[in-house]
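# Overview (structure and organization)
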Amino acid sequence: MGESSGSESGGYGILGLNETACSAYKQSGSANLAVMGGGIMVNSNCSKALKKSGSGNLTAGVINYFEQGGYKITGSGSVPPTPSPVDDRVEDPLELLFAKGELGEFAYPEYQRLQSWLGY
């Protein structure tokens, strides 16, 4: 879980890691989503990096987006708290899991089964 600076919730439960995608986080329709004990962070610099539409609710401890990006909320669903910009992107918390050594072998062979399952 990536750490969320200044968050009372202690970390992010959902990370949108793509740095350029519009709708890097997208929720539409009538489904409700509640992130209990965590927040949402979207790393994209798109003006609509976080897009929420429809009658479903989106609730989290914090909802953040990279300051060069933005969000668009439409429809009747509620979004507490209001999304807020943050200065820095959050790094991929699993990046080191797939790190390779000098010979191309995985640096953490104990995760080989997971790496294989994910196609690495």
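The structure reproduced in this document is the subject of the present report.

### Notes on the environment of Tyr 71
Following the sequence through the fold, Tyr 71 ends up in strand β8 (residues 71-73). Tyr 71 sits 19 residues away from Lys 52 along the chain, and the two C-alpha atoms are 8.1 Å apart. The residues contacting Tyr 71, other than those within four sequence positions of it, are Ser 47, Leu 50, Tyr 65, Thr 82 and Pro 83.

### A look at the state of the cysteines
In this structure the tally under the stated criterion is one disulfide. Disulfide pairing is shown between Cys 22 and Cys 46; the S-S distance is 2.0 Å. As the torsion about the S-S bond is roughly 90°, the Cys 22-Cys 46 disulfide counts as right-handed. Of this pair, Cys 22 sits in the loop between β1 (12-16) and β2 (25-27) while Cys 46 is found in the loop between β4 (39-42) and β5 (50-52), placing the two residues 24 residues apart along the sequence.

### Quick word on the side chain of Ser 44
For Ser 44, the position within the fold is in the loop between β4 and β5. Within the structure, the side chain of Ser 44 is placed 3.0 Å from the backbone nitrogen of Cys 46, a separation counted as a polar contact.

### Considerations on the pattern of salt bridges
Enumeration over the complete set of coordinates arrives at one salt bridge. For Glu 19, the salt bridge goes to Arg 89, with nearest N and O atoms at 3.7 Å. Placement of the pair is Glu 19 in the loop between β1 and β2 and Arg 89 in the loop between β9 (84-86) and α1 (112-117), with a sequence separation of 70 residues. Since its relative accessible area comes to 42%, Glu 19 is described here as partly exposed.

Definitions and cut-offs
Residues numbered from 1 in each chain as written. Predicted model: local features only at pLDDT ≥ 70, side-chain atom pairs only at ≥ 80, totals over all residues. Heavy atoms only, no water. Helix = DSSP H or I, 4+ residues; strand = E, 2+ residues; numbered from the N terminus. Contact = heavy atoms within 4.5 Å. Disulfide = S-S within 2.5 Å. Polar contact = N/O pair within 3.5 Å; in protein donor to acceptor, adjacent residues only side chain to side chain. Salt bridge = Lys/Arg side-chain N within 4 Å of Asp/Glu carboxyl O. Buried < 20%, exposed > 50% of the residue type's maximum accessible area, 1.4 Å probe, protein only.

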